[in-house]
Amino acid sequence: MAVTQTRGAQARALTQALFEQLDRLEAGTAEHARVRGALIEANVPLVRYAALRFHSRNEPMEDIVQVGTIGLIHAIDRFDLERGVQFPTFAMPTIVGEIRRYFRDSVRSVHVPRRLHELWAQVRAATEELTVALGRDPNPAEIAERLQIPEEDVLASLEAGSAYRVSSLEAAQERDDGSAGLIERLGYEDPELAGVEHRALVRHLLVQLPEREQRILLLRYYRNLTQSQISAELGVSQMHVSRLLTRSFARLRSANPIDA
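Since this is a predicted model, take the numbers as computed values, not measurements.

> Looking at this structure, how should I read the overall build of the protein chain?
Each helix and strand counted, the protein chain has twelve helices and zero strands in total. For the protein chain, the succession of helices and strands along the chain, N to C, is α-α-α-α-α-α-α-α-α-α-α-α. Every one of the 260 residues in the protein chain was classed for burial, and the buried ones make up 29%. Pairs at least 24 residues apart make up 53% of the contacts formed inside the protein chain by residues separated by at least 6 positions.

Dropping the structure here:
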């Protein structure tokens, strides 16, 4: 316990000294970058401590630490020595917030190859930077140029990115255009469903009729021919067609188990 407290005190003292040194350096210089990097390195244990809160999540711990490190960097860049607070106290909410945002917005709903997972993070960061610089959403070609990668890789990562978000069925009952929400569009009653059983029954009954009567029924109800047109096509009288239709209906009714 005493060893842990000593290490913690040493880490805080080192962090304080590095911030004092950083405060005297000009941003953008090599020395400033070196000290900033040392600050990040010195406080990675703080990120790992924060990441342990999320160890039960189904995500690799190193991925969580990587995301938390982004929060650490944001905290380092915003920290002000004159506030009079210890850096760990200031940084922890930012680190934890970044990790929580990751789980809220970026956890995969389906498996994505690690290469695309890493590329997606780069594409997302480049998209945010270009949106600010251009004042609009960048297109894939602009993102590819920014990252110096093929446009096909950008498109593949964007497609993979669609697996990172899961829409709640109850999140929005109605969309902006006034159409029904997702939950109302899933499992709707197909108006054609009721006719499926009837059509199957008709096919079953039709095959029990003589071939000529089958043909007459098809001409009458599938091609919508009149009795006179059917008689002309088959070379029989219209009266005969009428009798055959009446007989066919009688046979179908007698064979129909629903009417029985």
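> Got a minute to help me understand the packing of helix H2 (residues 30-51) against helix H3 (residues 61-78) in this structure?
Axes are the key here: two packed helices are described by the angle between their axes and the distance separating the axes. In contact at an axis separation of 8 Å, H2 and H3 are set at 130° when each is read in the N-to-C sense. It follows that H2 is oblique to H3 by the angle criterion. Like other packed secondary-structure pairs, H2 and H3 cross with a definite hand, here right-handed. In this structure, H2 uses Arg 36, Leu 39, Ile 40, Asn 43, Val 44, Val 47, Arg 48 and Ala 51 to contact H3, whose residues at the interface are Met 61, Glu 62, Ile 64, Val 65, Gly 68, Thr 69, Leu 72, Ile 73, Ile 76 and Asp 77. Counted by class, the contact of H2 with H3 contains eleven nonpolar, three polar and four charged residues.

> What should I look at first to understand empty space enclosed by the protein in this one?
Picture a little ball the size of a water molecule; that probe, rolled over the atoms, points out where space is still empty. All told, the structure shown has one cavity of 30 Å³ or more when counted by the stated rule. Taken as a whole, the largest cavity holds about 40 Å³ of empty space. As for the largest cavity, its lining consists of Arg 12, Thr 15, Gln 16, Phe 19, Gln 86, Phe 87 and Pro 88. Elements represented by at least two residues in the lining of the largest cavity include exactly helix H1 (2-23) and helix H4 (87-105). No other element matches the four residues that H1 contributes to the lining of the largest cavity. By residue class, the composition of the lining of the largest cavity is three nonpolar, three polar and one charged.

> Whenever I open this one, the side chain of Asn 43 confuses me. Can you help?
Relative to the assigned elements, Asn 43 resides in helix H2. Judged by relative accessible area, Asn 43 falls into the buried class, the value being 6%. Residues in contact with Asn 43, not counting those within four places in the same chain, are Thr 15, Leu 72 and Phe 87.

> So what exactly am I meant to see when it comes to the UniProt feature "domain: RNA polymerase sigma-70" (unreviewed entry) in the protein chain here?
UniProt feature "domain: RNA polymerase sigma-70" (unreviewed entry): in the numbering of this structure it lies at residues 63-76. This span, residues 63-76, is 100% helix and 0% strand, and a straight line between its end C-alpha atoms measures 20 Å.

> In this structure, what is going on with a negative patch on the surface? I would like to understand it.
A cluster of acidic side chains, namely Glu 20, Asp 23, Asp 80 and Glu 82, defines a negative patch on the protein surface. For Asp 80, the location among the structural elements is in the loop between H3 and H4.

> What exactly am I supposed to notice about the pattern of salt bridges here?
Oppositely charged side chains can form a pair if their charged atoms are brought close together. Evaluated as defined, the whole model comprises nine salt bridges. For the salt bridge of Arg 101 with Glu 98, the shortest nitrogen-to-oxygen distance reads 2.9 Å. With Arg 101 and Glu 98 both in helix H4 and three residues apart, the pair spans about one turn of that helix. A salt bridge links Arg 136 to Glu 142, with the nearest nitrogen and oxygen atoms 2.7 Å apart. One network of salt bridges, in which partners are shared, links Arg 215, Arg 223 and Glu 233.

Rules and cut-offs
- Residues numbered from 1 in each chain as written.
- Predicted model: local features only at pLDDT ≥ 70, side-chain atom pairs only at ≥ 80, totals over all residues.
- Heavy atoms only, no water.
- Helix = DSSP H or I, 4+ residues; strand = E, 2+ residues; numbered from the N terminus.
- Buried < 20%, exposed > 50% of the residue type's maximum accessible area, 1.4 Å probe, protein only.
- Contact = heavy atoms within 4.5 Å.
- Axes fitted to C-alpha atoms, helices over the stretch in contact; angles between N-to-C directions.
- Parallel < 35°, antiparallel > 145°, perpendicular 65-115°, else oblique.
- Left-handed = near helix turned anticlockwise from the far one by under 90°.
- Nonpolar A, V, L, I, M, F, W, Y, C, P; charged D, E, K, R; others polar.
- 1 Å grid on protein atoms, 1.4 Å probe; cavity = no way out; pocket = protein on both sides within 12 Å on 5 of 7 lines; lining within 4 Å.
- Points joined across faces, edges and corners; volume = space filled by probe spheres on them.
- UniProt positions renumbered as here; feature names shortened; annotations may be inferred.
- Patch = residues over 30% accessible without salt bridge, like charges linked within 9 Å, V, L, I, M, F, W, Y side chains within 5 Å.
- Areas by Shrake-Rupley, 256 points an atom, 1.4 Å probe, with all protein chains shown as cover.
- Salt bridge = Lys/Arg side-chain N within 4 Å of Asp/Glu carboxyl O.
- Lys, Arg positive; Asp, Glu negative; His and termini not counted.
- Charge placed at Lys NZ, Arg CZ, Asp CG, Glu CD.

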